[in-house]
Amino acid sequence: MNKQIDFKKSQLIFNQFTKGEIINEYVYDDKNNSLLRNDLFTEISENIEIYKMQYEMCGFQLVHNPTFFYVKDKNSSKTSDKQSKKIKIYSSLLIIVRYILSDKGKLFDVLKNLHYGITAEDLKDIENNSNYVHILKASNLKNGEEILNYLYSKNIFLKTNKDKYILSDSGKEIVNDIMEQYS
Amino acid sequence: MLNKTKTLEVLIQNKKPIIKAISYMDSINSNYIEKVQFESFVKETLDITKSISNKKQLIENIKSAYNIKNLISHRLINFDEGSDKLNFIKYLEDMFRDISEDIKPKPITKRSFIDHIHNLEHLIKDSYYYESYSKSEKELFLEDLKNKLNVIQQDFDKNRNIITKEADNLSKFLEDDVNDNNAKREMMLKIIELSDKYIEPFFNFLRERNNEDGFINKMKKIILFFEDIENTKEALEVQRFLINFKSYHKDIQSVYEKINDYRRKRNEDLSIYNAFERAFNDLSTISNNLQDGKLLNNYLESSDFHKKFNHLDFIKAKEFSKSDIQVDYEDFTNRVRKIEDFILLENEEVKSEDKIENLNKEQLEEIKKVDDLFLEKSNINKENTKLISKILLINQKSLMKKDKEIDLIYKVHKILSSNMENYKIFFTIYAYNSIRKKINKVEVGYNKRKYIEFNNKKYSYRPVYNLGEDANE
């Protein structure tokens, strides 16, 4: 143990994890329009063994990636291979990135540079696009706004003070994961 | 036949055929163009000229100037009779690349500069014997050396200008907000090609200039040679070139860094773009296949889509876990899919005509809404499923009995509906699935339809008979 557990932070961490949210290394700082190291990420990193134990005792598994943490439901993995949340996150992100790059003709920088970002307006009409309709249906998604809000709620996207969305650390990692599989 | 001066004048004033020919060779990455192809470009120019001008003399001049024999006789083209192909002599091609907006001058390859170094090596070795040469040999040697130095200097200048100009044009295009990003993406491919083929090798060549066998050492030896033979004018000339050489490196380094910055950014963009196109096509195919006849189970969860990816396995869901309740809807629907194409058909209230419509997708979605409700009422479901299990257990003997007369679905319906106050037709599907797993042989009435009436609604289904080997005889 490197230091005392911060109980206030541990409660915040618990709240986020049990909502199925991801804790990223960096969060968005509204005041300075910049990225700031996430206190909660630091808290877990510095007390990783204790946090691992805490979630292990609750039937979960704390999963550590270099730039983000999330909690895995161990019971789910034993009983079924249904991974609706993973699927929803991956398909949502795939849809957004493809739509922005290919249909909107924007550069990837738009999705990761905090001076740019995207809005729900950029994804308008995706639900009427014949290339996406069947995918939205299979992914149980309605429209661009819903996708963006969903990914924001999971911390896959960060929201800037200009109400624009950019990829978080975990979002970038998922993009990399998709790239690795399809390069 | 025109004289050389007149020929060059006509070629420059009517340059389209040559520009098109060079452009064509660039497009097919060839150093030669077929004679027929070249002549077709000439004909196009002649036709256009005829259509806009009646000057017979001009038309005749173009014909004569572009005549293959005329071009060969003035050594403006190299013509290969065997393959019937031609190319332009270097200075002519360079000149037209220089004066045309449509074709870009090609930077000089690293190989050419390496050849220059090898040539310098030979000249330096020969210079050691300079004193032993006759007067005319000395003159010839100096002439060769000066020519070679001149060509080297020109090539450096040319390469620097081409690369700097080309890089500037490309970066202006990329930084311009007006241009479409898809066009920018294509332009990026050109930048990467320019960088890979010309800029990086040239920059590496320049970086190696200070090596023992590098360019600067060679040139220093040339300076010493000129000093030895007391030709200070040439020594100073080479010295001046060496001083300028530093600026080549500086200029090319600046272009190299700029292009590399673009390349890093856009290369990432291109890789992501291409990977996401492939991933999207895959997802699109999977989604399409799910819509194909699998009416109940047409969500991505029933595919292997997620198995390709490494992150977020079994991430905790915000909503209550489906494993928290007894009925796992997804598992449930998955098993429904497997029951010998059995489809429970729901109809409107029974009318006097007893009209039965087949179930369509919308109606199935209605059933799904009921399922959703079923999920929400998880506590009630727990009780229901416990009760269903209990009823099935009590009636197991009857249900497991081999029976060619009464089908299983009817049996389950009768048993449940008479034992459950809040019976819904949906419970029969659940119970059937549960029972079906235990029966190893059934007969499905694919061409038959049977009906169940419940709450003034009529349901049709394919009958399934228990022919299990373990069933009681």
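Note that the structure is predicted; figures quoted are calculated from it, not measured. (Residues numbered from 1 in each chain as written. Chains lettered and ligands numbered in written order. Predicted model: local features only at pLDDT ≥ 70, side-chain atom pairs only at ≥ 80, totals over all residues. Heavy atoms only, no water.)

(A) Focus on the overall build of chain B. Summing up its helical and strand segments, chain B has 17 helices and eight strands in all. In chain B, buried positions account for 45% of the 473 residues. Residue pairs at least 24 apart in sequence account for 68% of intrachain contacts in chain B once pairs closer than 6 positions are excluded. Summed over its atoms, the accessible surface of chain B is roughly 27,000 Å², and 46% of this surface lies on carbon and sulfur atoms. (Helix = DSSP H or I, 4+ residues; strand = E, 2+ residues; numbered from the N terminus. Buried < 20%, exposed > 50% of the residue type's maximum accessible area, 1.4 Å probe, protein only. Contact = heavy atoms within 4.5 Å. Areas by Shrake-Rupley, 256 points an atom, 1.4 Å probe, with all protein chains shown as cover.)

(B) Inspection of the overall build of chain A at higher detail. Within chain A, the secondary structure is distributed over nine helices and seven strands. Taking all 183 residues of chain A together, the buried fraction comes to 54%. Considering only intrachain contacts with a sequence separation of at least 6, the fraction spanning at least 24 residues in chain A is 58%. Of the roughly 8,400 Å² that chain A leaves accessible, carbon and sulfur atoms contribute 46%.

(C) Region of interest: the sheet that holds strand 1 (residues 23–24) of chain A. Residue and element names in this part refer to chain A. Read across the sheet, three strands follow the order 1-5-4 without closing on themselves; strand pairing throughout is antiparallel. The open sheet has two edge strands with one neighbour each: strand 1 and strand 4 (60–65). In this sheet, strand 5 (residues 68–73) lies alongside strand 4 in antiparallel orientation, the contact comprising six bridges. Bridging from a neighbouring strand, V63 pairs with Y70 of strand 5. (Pairing = 2+ DSSP bridges.)

(D) Examining the packing of helix 1 (residues 7–18) of chain A against helix 3 (residues 48–57) of chain A more closely. Residue and element names in this part refer to chain A. Interaxial distance between helix 1 and helix 3 falls to 13 Å at its minimum, and their mutual angle equals 50°. As summarised for this structure, helix 1 and helix 3 are arranged oblique, according to the angle between their axes. Viewed along their axes, helix 1 and helix 3 form a crossing whose handedness is right-handed. Each of S10, I13, F14 and F17 in helix 1 lies in contact with helix 3, whose residues at this interface are Y51, Q54 and Y55. In terms of residue class, the contact of helix 1 with helix 3 is made up of five nonpolar, two polar and no charged. (Axes fitted to C-alpha atoms, helices over the stretch in contact; angles between N-to-C directions. Parallel < 35°, antiparallel > 145°, perpendicular 65-115°, else oblique. Left-handed = near helix turned anticlockwise from the far one by under 90°. Nonpolar A, V, L, I, M, F, W, Y, C, P; charged D, E, K, R; others polar.)

(E) Helix 6 (residues 90–99) of chain B, seen in detail. All names here are of chain B. All buried positions along helix 6 are accounted for by L92, E93, F96 and R97. End-on, the buried residues of helix 6 take up no more than an arc of 130°, which puts them together on one face. Seen from the open side of helix 6, the exposed residues pointing more than 90 degrees away from its buried face are K90 and D98. (Arc of directions from axis to C-beta.)

(F) Examining the nonpolar core more closely. Counting 53 residues, the largest nonpolar core has I96(A) and F157(A) as its most contacted members. Ranked by residue count, the leading element in this core is helix 5 (residues 84–103) of chain A, at eleven residues. If we skip the residues at most four places from it in the chain, F157(A) touches L93(A), I96(A), L111(A), I118(A), L148(A), L151(A), Y152(A), Y165(A), I166(A), L167(A) and S168(A). If you look at the next biggest cluster of nonpolar residues, it comprises 42 residues, including Y198(B), L206(B), M219(B) and Y248(B). (Core = buried A, V, L, I, M, F, W, Y, C linked by side-chain atoms within 4.5 Å.)

(G) Structural detail: the packing of aromatic side chains. Applying the stated criterion across every chain yields a total of 25 aromatic pairs over all chains. Ring geometry for Y152(A) and Y165(A): centres 5.5 Å apart, planes at 75°, overall edge-to-face. Placement of Y152(A) in helix 8 (residues 144–153) and of Y165(A) in strand 7 (residues 165–167) is noted, with a sequence separation of 13 residues between them. Residue classification places Y165(A) among the buried residues on the basis of a relative accessible area of 7%. Through a chain of ring-to-ring contacts, the aromatic side chains of Y130(B), Y133(B), F141(B), F225(B) and F226(B) assemble into a single cluster. The lysine or arginine in question, K88(A), covers the ring of Y150(A), its NZ or CZ lying 4.6 Å from the ring centre. Across from the ring centre of Y130(B), 5.4 Å away, lies the NZ or CZ of K138(B), which sits over that ring. (Phe/Tyr/Trp six-rings, centres within 6.5 Å; stacked < 30°, edge-to-face > 60°. Lys NZ or Arg CZ within 6 Å of the ring centre and 35° of its normal.)

In short, the description is geometric, and any link to function would need to be established separately.
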